[in-house]
Amino acid sequence: MVQSRGFVGRRGAANVKLPPGQYLTTDFPVLSAGPTPHVPLDKWELTIDDGTSVLRRWSWQAFRELPAEKITTDIHCVTRWSKIGTAWEGVSLDTLLADITTQSAFALVHSYGGYTTNLPLDDLRNKQAWVAFGYDGADLVAEHGGPARLLVPHLYFWKSAKWVRGITLLHQEEPGFWERNGYHNYGDPWREQRYSGD
Ligand SMILES: Nc1nc2c(c(=O)[nH]1)N[C@H]1C(S)=C(S)[C@@H](COP(=O)(O)O)O[C@H]1N2
Ligand SMILES: [Mo]
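Residues numbered from 1 in each chain as written. Chains lettered and ligands numbered in written order. Predicted model: local features only at pLDDT ≥ 70, side-chain atom pairs only at ≥ 80, totals over all residues. Heavy atoms only, no water.

Side note on the environment of Gly 134
Definition in use: Secondary structure elements are defined from DSSP: runs of H or I of at least 4 residues count as helices, runs of E of at least 2 residues count as strands, and each element is numbered from the N terminus. Here the term buried applies to any residue with accessible area under 20% of the maximum for its type, exposed to any over 50%, and partly exposed to those in between, with areas from a 1.4 Å probe on protein chains only.
Structurally, Gly 134 can be placed in strand 10 (residues 130-135). A relative accessible area of 6% places Gly 134 in the buried class. Considering only alpha carbons, one finds Gly 134 and Glu 89, 45 residues apart in sequence, at a separation of 4.6 Å.

Below is the structure:
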């Protein structure tokens, strides 16, 4: 592993350490591989399945009745922009996974519109991941993944699937959209795991 101190920017008076090869941005770029899906809230649902059966299903109303948290976190896009101190509101994956007992070690996340991304199930646990519906004190806008997107800030932002629709729990890892197209399978920004082979 190559150790790099990365770019050092500023957060107020305090110095901020960014992952290697990243630069700070203050705007919020939109990166979508296809058109923005618009899902009416009365048609929206979020499911967790095991590839065979649906284990949990929430309507929008049921999802919004779950306990929500405010999250302030840095985000890092593989195209090298990082954004510091972004403010979200969402439901922890710990809450969504709470009643599920599974031997599966992997997750494949599906979006409305067809996007997918994969990660180890442990990376969705232990206060590391949320399904976010709010950003900066307002409803999450469609361009940024509204009504709800995954937020997994410790991995490159392509893992934070916009317009999330479901999570499939798997015994064997299945690569998602970018992971099949040359991006790193895991995507740790601190280890600069941008592309397969990094
Ligand atoms: N459904 C979906 N989710 C997605 C993407 C996408 O194309 N479709 N792009 C990913 C990538 S590469 C990044 S950097 C972030 C961008 O999120 P933003 O548009 O809110 O900045 O969303 C990720 N989630
Ligand atoms: Mo990205």
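Moving on from the coordinates now.
Here we look at the site of ligand 1
Applicable threshold: Nearness is defined per residue: one heavy atom within 4 Å of the molecule or strand is enough. Side-chain atoms alone can form a polar contact between residues adjacent in sequence; in general such a contact is a pair of N or O atoms within 3.5 Å, and within protein one must be able to donate a hydrogen while the other accepts it. Each accessible area is a Shrake-Rupley estimate made with a 1.4 Å probe; only the visible protein chains count as cover when residues are assessed. Here the nonpolar group is Ala, Val, Leu, Ile, Met, Phe, Trp, Tyr, Cys and Pro; Asp, Glu, Lys and Arg are the charged ones; every other residue, Gly included, is treated as polar.
Surveying the vicinity of ligand 1 reveals 19 residues, the closest of which are Pro 29, Ala 33, His 144, Arg 149 and Lys 162. The backbone of Leu 31 places a nitrogen or oxygen atom 2.9 Å from an oxygen atom of ligand 1. Protein contact buries 97% of the 530 Å² of open area that ligand 1 shows by itself. Along the lines of polarity and charge, the residues of the shell around ligand 1 split into 13 nonpolar, four polar and two charged.

Remarks on the sheet that holds strand 9 (residues 116-120)
Cut-off, in case you're wondering: For two strands to count as paired, DSSP must find a minimum of two bridges between them. Helix axes are fitted to C-alpha atoms over the stretch in contact, other axes to C-alpha atoms as well, and angles between N-to-C directions run from 0 to 180 degrees.
Strands sit in the order 5-4-13-8-9 across an open sheet of five strands; the sheet is mixed. At either margin of the open sheet sits one strand with a lone partner, and together these are strand 5 (54-59) and strand 9. Geometrically, the sheet is characterised by an average inter-axis angle of 15 degrees between neighbouring strands, direction not taken into account. Two strands pair when backbone bridges link them, and strand 4 (residues 45-49) and strand 5 are joined in this way by five bridges, in the antiparallel orientation.

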